[in-house]
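Read off the chains here:
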Amino acid sequence: MHSTAMKNLHSYLLPILALASLVVKIRGSASLHTVLTGPELAYLGSRVTFRCLASDSPPPFTYELMRDGGVLISTGRDDYGDVPAFFPLKVNAASEGSYHCKAAAGGRTGVSKSIHLSVVTPASNTRVISEPFPPVAYEGSHVVLSCNVTRGSHLQYSWFFNRKELTHSASPFTHITGNELMLENVTPEHAGNYYCMAWSQVHDIRRFSSSLEVLLTVKVYVSKPRISFSIFKEGDSYRGNVTCWSTRGSPPVNFSLLLDDREEGSVTATETLIAWFPVALVPGTDMGVARCQVKTDVQELMSEPVTLEVVPVGGEVRVEVEYLYRFDSQLAAAAALDCVISRGTFPHISWLFNDTVLPSHEGTQTQPILSNYVLASKSQTLVLVKLGPEESGYYRCRVQNSYDESGPWVESAAVLVRVSVLVLMCSQCLRPHPSQETDRMIVMMFRIRPGRSQFDSEGPALHHSNVSPLLKYVNLTSAAMYVALQNDASNVTFMCYHVAYKKQVKHLVTE
């Protein structure tokens, strides 16, 4: 019975002892703590170093640097402990991949986490490719510039316009995406030199490659052409000249002259937007209908038609006068005289003041008879910028054909521009030597309206409906005052009005 009990106990303890032995073995074979450090980026052709260190075991340690697929790169050994193994590596195109370190010591092993090494190839042979090519675009179109390289990886791109770096917020119509610079709705302001820089960076080392500059030309659509013509006299004959031009556009453009729908000539303007064509002209004769045509590589436009007929000056010529007033006065401050011509394609206008010709340009060496005037609209308008006694007199204009200096003049009738000067003597209103503010007078000037013969006895401040005010409240500091009136100076009442006593002192009525 005793032997049976011992036998049962032995059967019971065997599994327990076996499990304990397994636990001891597992504890004794626990993996080593292994750490691998090294770069994740490296330039092609550079040298890098991986570092492997294991712990939790007495030395010696053996190390193996492995790459994907179990490829052994290098081995190392540490006989003292706590001394890492260093694995230098010359980077080439095949160096890219994942690396791990395998360590062994005291019958135990350990494997580190993997490090993925990316090989960075510096950019080379950088150039700009444009779409469209060549880089010429019309305003409003799109342009795409690409920064291309022959070799390079892990690249970033910078763009420069006229040597200044472009940013993503440079313009709402400028976008940088990857290696492309997109220009939308281009304008002439986008024209200029562009280049790009492709670059990569590993830690604090940057390597770059710049392209050559590319000149972007932005063309402006040509505007509708305009047409004009002129005539010149040479001896006893005449010759004409037709001018075709556009106000905007990018040369070169081709101008053609069509006369009665037949092409009379063609000129390519390479630097300007204007062309001239000689034509036959005879005064008083209709020589046909002319039009200008302009062509570019993308446009073809036609001007409005013009009849090539030179009408000689003739018919009635007259002068119309318009007086100009300040907003705070009913006295005219200036006058504009227009020379109205019945007919004439190319009139030359001259003005006379009191039968003396007024110079039509500055720089005359003679003493001007009239100083305050300006000629406008090719001398068709004479503006008297100031009206005073000097400007009072008779004005008329005369006209002749501008292409025939020896031809006759057609003259207008004389028109009187009258500036009357009245002297108000208010000596009775002032003391001999006024010194106080209360000695000042106020001059009021009125024209009595039809049906009214005089002022109210209380002075002009009352019943303003009876009069038409011309000038009010002018301080009089001397015994006399000069007042200018245009044209009609009749039936005007001037009155001295005393400030202190507030009553009428004296008045005159002109006739």
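Before reading further, recall that the structure is shown in the block above.
Throughout what follows, the structure given in this document is the object of discussion. (Residues numbered from 1 in each chain as written. Predicted model: local features only at pLDDT ≥ 70, side-chain atom pairs only at ≥ 80, totals over all residues. Heavy atoms only, no water.)

## What to know about the state of the cysteines
Move 1: Applying the stated criterion across every chain, the model contains four disulfides.
Move 2: With a sulfur-sulfur separation of 1.8 Å, C244 is cross-linked through a disulfide to C292. A torsion of -70° about the S-S bond marks the disulfide between C244 and C292 as left-handed. With C244 in strand 21 (residues 237–245) and C292 in strand 25 (residues 286–295), the pair connects residues that are 48 residues apart, well separated along the chain.
Move 3: Owing to a relative accessible area of 0%, C292 belongs among the buried residues under this scheme.
Move 4: Paired through a disulfide, C339 and C397 show a sulfur-sulfur distance of 2.1 Å. Its S-S torsion of approximately 75° makes the covalent link between C339 and C397 right-handed. (Disulfide = S-S within 2.5 Å. Helix = DSSP H or I, 4+ residues; strand = E, 2+ residues; numbered from the N terminus. Buried < 20%, exposed > 50% of the residue type's maximum accessible area, 1.4 Å probe, protein only.)

## Considerations on the sheet that holds strand 29 (residues 332–343)
Move 1: Read from one edge to the other, the open sheet built from four strands follows the order 28-29-33-32, with strand pairing classed as antiparallel. Looking at strand neighbours, the two that pair on one side only are strand 28 (314–325) and strand 32 (373–376), the edges of this open sheet. Within this sheet the neighbouring strands show an average axis-to-axis angle of 15°, counted without direction.
Move 2: In this structure, strand 29 lies alongside strand 33 (residues 381–384), joined through four bridges in antiparallel fashion. Looking at the pairing, A336 lines up with V383 of strand 33. (Pairing = 2+ DSSP bridges. Axes fitted to C-alpha atoms, helices over the stretch in contact; angles between N-to-C directions.)

## A few points about the sheet that holds strand 16 (residues 180–183)
Move 1: Sheet architecture is open: four strands sit in the order 10-12-16-15, paired in antiparallel fashion. At either margin of the open sheet sits one strand with a lone partner, and together these are strand 10 (127–131) and strand 15 (174–177). Going from strand to strand, the sheet's axes swing by 20° on average, the running direction of each strand aside.
Move 2: As paired elements, strand 12 (residues 143–148) and strand 16 share four bridges and run antiparallel to each other. Directly across from L145, in strand 16, lies its bridge partner L181.

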